[in-house]
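Results of the structural survey
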Amino acid sequence: MGKRYYCEFCDKQFGDNPSSRKNHLTGVYHQRMRRLYYDSFKDPEVILADVEKGICRAFQNTGECNYGDRCHYTHMTNEHRAQLQQQIQKKREAENAKKKSKSELNPSLEAWLSKRVKKMKSEDPRHCSQSDGDDSPQYSLPPSLLGMTNIPPSLLPPPANTFSSLDIQEWG
Ligand SMILES: [Zn+2]
Ligand SMILES: [Zn+2]
């Protein structure tokens, strides 16, 4: 018994010699099986675009084709195509969901600032009325320290007008 060649794409065995191998590997059936195998890793959108380009009219219209497996055009059933459509749909939805969660994880600086301004206005009306000539900064304790007693003085906000009474000197 000579060596056998097993083709995994076609699930077929045959005597292994250069000419039978070449025959098989260049055969339409093998090429089709090989393509189907790689198609399963391809983007469904790409497959569908391929299908629409090379659809077999005979198979499409009658469900039959005289060429059978040797036909050079696509014999994809409408069900299979509908499946691909669904896959594409799902993929797009997944991508959109991913994009959404990404933007939630990486909020923009503008979004953060506008949120902060709103929060400050709703919590402390004084921030809204800063235009009455007093442009000294307002200090407040961070929320994490509000409940603490015995806060070291260095962490406490400075008394009002501490800085406005200082003699400001130019550097250099
Ligand atoms: Zn093969
Ligand atoms: Zn056909």
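Residues numbered from 1 in each chain as written. Chains lettered and ligands numbered in written order. Predicted model: local features only at pLDDT ≥ 70, side-chain atom pairs only at ≥ 80, totals over all residues. Heavy atoms only, no water.

A short note on the coordination of the zinc ion (ligand 1)
When a metal carries six donors in an octahedron, the ideal angles between them are 90 or 180 degrees, while four donors in a tetrahedron ideally lie at 109.5 degrees. Where we set the bar: Only nitrogen, oxygen and sulfur atoms count as donors, using a 2.8 Å cut-off from the metal that widens to 3.2 Å for Na, K and Ca. Water is left out, so coordination shells may look unfilled. Tetrahedral means four donors with every angle between 85 and 135 degrees, whereas square planar (four donors) and octahedral (six donors) require angles over 155 degrees between opposite donors and between 65 and 115 for all others; sites fitting neither are termed irregular. Here a strand is any run of E in DSSP of at least two residues, a helix any run of H or I of at least four, and the numbering for each starts at the N terminus. Using a 1.4 Å probe on the protein chains alone, a residue whose accessible area is under 20% of its type maximum counts as buried, one over 50% counts as exposed, and one in between counts as partly exposed.
Coordination of the zinc ion (ligand 1) by the protein is provided by Cys7 (SG), Cys10 (SG), His24 (NE2) and His30 (ND1), with metal-donor distances spanning 1.9 to 2.2 Å. The site at the zinc ion (ligand 1) holds 4 donor atoms, and with the angles between them running 106 to 113°, its shape is tetrahedral. Expressed as a motif, the donor residue spacing for the zinc ion (ligand 1) is C-x2-C-x13-H-x5-H. Here His24 lies in helix α1 (residues 18–26) and Cys7 lies in strand β1 (residues 4–7), a separation of 17 residues in the sequence. On the accessibility criterion, Cys7 (2% relative accessible area) is buried.

So, the domain arrangement of the protein
Note on interface size: it is often stated as the accessible area lost on association of the parts. What counts is decided by this rule: Throughout the structure description, domain borders are defined by an automatic or database domain assignment. It only takes one pair of heavy atoms within 4.5 Å for two residues to be counted as in contact. Each of two parts loses accessible area, computed with a 1.4 Å probe, when they are put together; buried area is these two losses added. Each reported salt bridge corresponds to a side-chain nitrogen of Lys or Arg within 4 Å of a carboxyl oxygen of Asp or Glu.
Per the domain assignment, the segments of the protein are domain 1 (1–41) and domain 2 (43–116). Computed from C-alpha atoms alone, the centre-to-centre distance between domain 1 and domain 2 is 29 Å. The interface is formed by 5 residues belonging to domain 1 together with 8 residues belonging to domain 2. Buried area between domain 1 and domain 2, both sides added, is near 580 Å², and the carbon and sulfur share of it is 44%. Considering only the side of domain 1, the residues that lose the most area to domain 2 are Val28, Arg32 and Asp39, jointly responsible for 70% of the buried surface there. The interface formed by domain 1 and domain 2 includes 0 salt bridges.

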